[in-house]
Amino acid sequence: MVRMSAEERRESVVRAAITEFARAGYQGTSTEAIAKRVGVSQPYLFRLFPNKQAIFLAASARCLADTRRVFDEAAEGLAGEEALGAMATAYQRLIADDPDKLLMQMQTYVAVAAAEAAGDHAFGEQVRAGWLELWDAVHLHLGADVNETTTFLAYGMLINVLVSMGFPAGHRIWSGFYLAARPAGE
């Protein structure tokens, strides 16, 4: 049996953390649950990450980076409406194929708000930095048009909320969305 390197184990922790945090949130997820999903002890988990917050931030950063990568790949060589449509379609596939990514995003926003309310601004600063990188990437793909960028991301956030609340494809709520932003089956 081949042993995993610390970096491979760390990657396993991030993947497991996305699933656990997506389903139970920051407060509702124990490091024990993450360790169990990975198949390691809690002491080993804390050799890889200093604390639960560091695990959450790594999971959050991964979700943002994966979304950015999906947008970058979809928009490669495209501009304007073609880039917008390709990114919308790619994002729809991402959240349909891996719903934990969507739920992790939603849990991230809640965790940032809770940390800010408790006076922990460093937590939110780290998440906001990753979100700004995502915004900048989308902005460039859409021709550095701030209105297009804002509209695209605003639609994306509304889609996140509606999908998280369970509105199915074909529901009238989707009728005002441009076709690439509608759920599969619409």
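Description of the structure in this document. (Residues numbered from 1 in each chain as written. Predicted model: local features only at pLDDT ≥ 70, side-chain atom pairs only at ≥ 80, totals over all residues. Heavy atoms only, no water.)

## Brief notes about the overall build of the protein
Using the following cut-off: Helix and strand assignments come from DSSP, with helices taken as H or I runs of at least 4 residues and strands as E runs of at least 2, each series counted from the N terminus. A radius of gyration in this sense is built from C-alpha atoms; the matching globule rule multiplies 2.2 Å by the number of residues raised to 0.38.
A tally of helices and strands in the protein yields 8 helices and 0 strands. Taken from the N to the C terminus, the helices and strands of the protein come in the order α-α-α-α-α-α-α-α. Taking 16 Å as the expected radius of gyration for a compact globule of 186 residues, we find that the protein reaches 18 Å, a close match to that expectation. Dimensions along the principal axes, computed over C-alpha positions, put the protein at roughly 50 × 45 × 35 Å.

## Here's the deal with the packing of aromatic side chains
Each aromatic ring pair is described using two quantities: the centre-to-centre distance and the angle formed by the ring planes. As a reminder of what qualifies: Two aromatic rings from Phe, Tyr or Trp, using only the six-membered ring of Trp, form a pair when their centres are within 6.5 Å; if the ring planes differ by under 30 degrees the pair is stacked, by over 60 it is edge-to-face, and anything between is tilted. The criterion is that NZ of a Lys, or CZ of an Arg, lies within 6 Å of the ring centre and within 35 degrees of the ring normal, and then a charge sits over that ring.
Counted by the stated rule, this structure contains 9 aromatic pairs. Summarising the aromatic geometry, the rings of Phe71 and Phe152 are spaced 5.5 Å apart at their centres and angled 70 degrees between planes, so their arrangement reads as edge-to-face. Taken as a pair, Phe71 in helix 4 (residues 52-75) and Phe152 in helix 8 (residues 146-164) lie far apart in primary sequence, 81 residues in all. Members of the aromatic cluster, each reached through a chain of ring pairs, are Phe21, Tyr26, Phe56 and Phe123. Between the NZ or CZ atom of Arg10 and the centre of the ring of Phe49, over which it lies, the distance is 4.1 Å. The ring of Tyr26 has Lys52 sitting right over it, with the charged end atom 4.8 Å from the ring centre.

## A look at the packing of helix 6 (residues 99-117) against helix 7 (residues 121-141)
Put simply, the rule is: Angles run from 0 to 180 degrees between N-to-C directions of axes, and those axes are lines fitted to C-alpha atoms, restricted for helices to the stretch in contact. Each crossing is labelled by how the near helix is turned from the far one, with a counterclockwise turn of less than a right angle marking it left-handed and a clockwise turn marking it right-handed. Throughout, a contact is declared for two residues whenever any of their heavy atoms are within 4.5 Å. Residue type decides the class: Asp, Glu, Lys and Arg count as charged, Ala, Val, Leu, Ile, Met, Phe, Trp, Tyr, Cys and Pro as nonpolar, and the leftover types, Gly among them, as polar.
The interhelical angle for the contact between helix 6 and helix 7, taken along N-to-C directions, is 145 degrees, at an axis separation of 8 Å. Pair helix 6 / helix 7 crosses with left-handed handedness. Across the interface between the two elements, Thr108, Tyr109, Ala111, Val112, Ala115 and Glu116 from helix 6 touch His121, Phe123, Gly124, Val127, Arg128 and Trp131 from helix 7. In terms of residue class, the contact of helix 6 with helix 7 is made up of 7 nonpolar, 3 polar and 2 charged.

## Here we look at empty space enclosed by the protein
Rule in force here: Within this scheme a cavity is a closed region of a 1 Å grid, computed over the protein atoms alone, that accommodates a 1.4 Å probe without allowing it to escape, whereas a pocket is open but has protein on both sides within 12 Å along at least five of seven lines; lining residues each have an atom within 4 Å of a point. Grid points are joined across faces, edges and corners, and a volume is the space filled by probe spheres set on the points.
Enumeration over the complete set of coordinates arrives at 1 cavity of 30 Å³ or more. In this structure, the largest cavity is lined by Ser60, Cys63, Leu64, Met104, Gln105, Thr108, Tyr109 and Val127. Considered class by class, the residues forming the lining of the largest cavity number 5 nonpolar, 3 polar and no charged.

## Considerations on unusual backbone geometry
What counts, and what does not: Residue burial is assigned from relative accessible area. The probe radius is 1.4 Å, only protein chains are included, and a residue is buried under 20% of its type maximum, exposed over 50%, and partly exposed in between.
In this structure, Ala144 takes a positive phi of about 60 degrees despite not being glycine. Residue position: Ala144 is located in the loop between helix 7 and helix 8. Ala144 sits in the partly exposed class, given a relative accessible area of 45%.

## As for the side chain of Asp100
By the element assignment, Asp100 lies in helix 6. If we skip the residues at most four places from it in the chain, Asp100 touches Ile18, Thr19, Ala22 and Arg23.

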